[in-house]
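# Coordinates in review
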Amino acid sequence: MAEFRDVYDDFRSFGIQIAALAVDSPEQSERVRRQYELPFPILCDTQKEVVRAWGLFNAEEKGGIAVGAVVLVGRDRRIRLMMVEGVATRVRAADLLEFFRAHPLPANSADDMPSNSADDVTPNTPRQRAIFPSLVDVGRAIRNSLTRARKL
Amino acid sequence: MSEGQKLRVGALAEDFTLADSVGAPRTLSSMLSDGPLLIIFYRGYW
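The shown structure was predicted, so the numbers you read here are calculated from the model rather than taken from an experiment.

Calculation notes
Residues numbered from 1 in each chain as written. Chains lettered and ligands numbered in written order. Predicted model: local features only at pLDDT ≥ 70, side-chain atom pairs only at ≥ 80, totals over all residues. Helix = DSSP H or I, 4+ residues; strand = E, 2+ residues; numbered from the N terminus. Buried ≥ 20, exposed ≤ 12 C-beta atoms within 10 Å, placed from the backbone. Contact = placed C-beta atoms within 7 Å. Nonpolar A, V, L, I, M, F, W, Y, C, P; charged D, E, K, R; others polar. pLDDT = per-residue confidence, 0-100. Pairing = 2+ DSSP bridges. Core = buried A, V, L, I, M, F, W, Y, C linked by C-beta atoms within 7 Å. Axes fitted to C-alpha atoms, helices over the stretch in contact; angles between N-to-C directions.

## Topic: the overall build of chain A
- Counting secondary structure elements, chain A contains 8 helices and 6 strands.
- Seen in sequence order, chain A has helices and strands lined up from the N terminus as α-α-β-α-β-α-β-β-β-β-α-α-α-α.
- By residue count, 25% of the 152 residues in chain A fall in the buried class.
- A separation threshold of at least 6 residues defines the contact pool for chain A, and within that pool the share at least 24 residues apart is 38%.

Okay, structure coming up:
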C-alpha cells in the first residue's frame, strides 16, 4: 500500500485512479488509511460480495479475506489487467496475450516512451516484462497503453 | 486458495457500490467516469 502511495502521482499523471479494497469495516480501513497516509479511498467489502464475484476471496484465512491482487478496470468496466499475488499463482499466458493484444507494445518500446528519469533503465526483456512484472513494469505497460489510447 | 472463478481479462465487471472508510458510498461506474481505476485488493487490517 505504501508502495502505491509513493507512486500515486505517477498513476494520476497517466489518468489512472487508485482505490484499495478489503473486507474490513470502515473503522478498520480508516485506521489503515491514516496509518499509511493513503491519498486514495479504501472500499469496504464487508459483505464480501465483490471479492466473491471477482474470484478474489480466500475463504481459508481469518474468516474469509481478500486475495491480494491488482486489477485495472477500464472506463467501459472491462477488466484490463489482473495480477494476483501468491506463490501458487500461475500466470495465465492467455490473459497476458489478451492484454498485449489490446495494448500492443511497439517493437522497440523504449522509443515510444519519453525516457526522462535516471532510474528508467530496467532492461526491457520479455522475461522481465511477462513473467515477473514489477510495479515499474506495470506502470510502463499502463503508460504505453494510455499513450496509445491518446493517439487513437 | 480462492473461491469461485476469477474474472477474466476482457470480462465485464458487474457494477457495485461499497462504502469507503469514512462511510461514503462509492459506485464503480461513477468512479470510472473519471478514468480507468486500479483496484488494489489487500488482505486487510491486522
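## Topic: the interface of chain B and chain A
- Across the boundary between the two partners, chain B contributes 39 residues, which contact 58 residues of chain A.
- Elements that contribute at least two residues to the side of chain B that touches chain A include exactly β1 (2-3), β2 (17-20), α1 (28-32) and β4 (37-41) of chain B.
- Broken down by element, the residue count for the side of chain B that touches chain A peaks at 5 residues, all from β4(B).
- Of the residues that constitute the side of chain B that touches chain A, the class distribution is 21 nonpolar, 9 polar and 9 charged.

## What about the confidence of the model for chain A?
Residues and elements named next belong to chain A.
- The pLDDT averaged across chain A works out to 77; a share of 60% of its residues lies at or above 70.
- Across chain A, strand β2 (residues 42-44) holds the top mean pLDDT of 98, while helix α7 (residues 126-130) sits lowest at 41.
- Taken as a whole, residues 109-132 scores under 50 in pLDDT and shows 19 contacts with residues more than four places along the chain or in a different chain.

## Some thoughts on the pairing of β4(B)
- For β4(B), the buried fraction is high: 5 of the 5 residues fall into the buried class.
- Both faces of β4(B) are covered, namely the face carrying Leu37(B), Ile39(B) and Phe41(B) and the face carrying Leu38(B) and Ile40(B).
- Note that strand β1 (residues 17-22) of chain A and β4(B) share 5 bridges and pair parallel. Counted as the bridge partner of Gln17(A) is Leu37(B) from β4(B).
- Sheet topology note: the strand β5 (residues 69-73) of chain A/β4(B) ladder contains 5 bridges and is antiparallel. Of the residues in β4(B), the one forming a bridge with Leu72(A) is Leu38(B).

## Describing the pairing of β2(B)
- By the bridge criterion, 2 bridges tie β2(A) to β2(B) in an arrangement that is antiparallel. Residue pairing in the sheet places Leu43(A) in a bridge with Asp20(B) of β2(B).
- The pairing of β2(B) with strand β3 (residues 25-27) of chain B spans 3 bridges and is classified as antiparallel. Considered in β3(B), the bridge of Ala19(B) is made with Pro25(B).
- Between β2(B) and β3(B), which pair antiparallel in sequence order, lie 4 residues; one of them, Gly23(B), sits at a positive phi of approximately 90 degrees.

## Re the nonpolar core
- Among the nonpolar cores identified, the biggest contains 34 residues, and Ala20(A), Leu21(A), Ala66(A), Val71(A) and Phe41(B) are the most heavily contacted of them.
- When residues of this core are traced back to their parent elements, those giving at least two are β1, β2, α4 (49-53), β4 (65-66), β5 and β6 (79-84) of chain A together with β4 of chain B.
- Sort the elements by how many residues they give to this core and β4(B) lands first, with 5 residues.
- With sequence-adjacent residues up to four places away left out, Phe41(B) is seen in contact with Leu21(A), Val51(A), Leu56(A), Ala66(A), Val67(A), Gly68(A), Ala69(A) and Val71(A).

## Quick look at the sheet that holds β5(A)
- Reading across from one edge, β6(A)-β5(A)-β4(B)-β1(A)-β2(A)-β2(B)-β3(B) is the order of the 7 strands in this open sheet, with mixed pairing throughout. Because the sheet does not close on itself, it has two edges, and the strands there are β6 of chain A together with β3 of chain B. When the angles between neighbouring strand axes are averaged without regard to direction, this sheet yields 30 degrees.
- Across the face of the sheet, helix α3 (residues 26-35) of chain A comes into contact with β1 and β2 of chain A together with β2 of chain B while running at roughly 165 degrees to β2(A).

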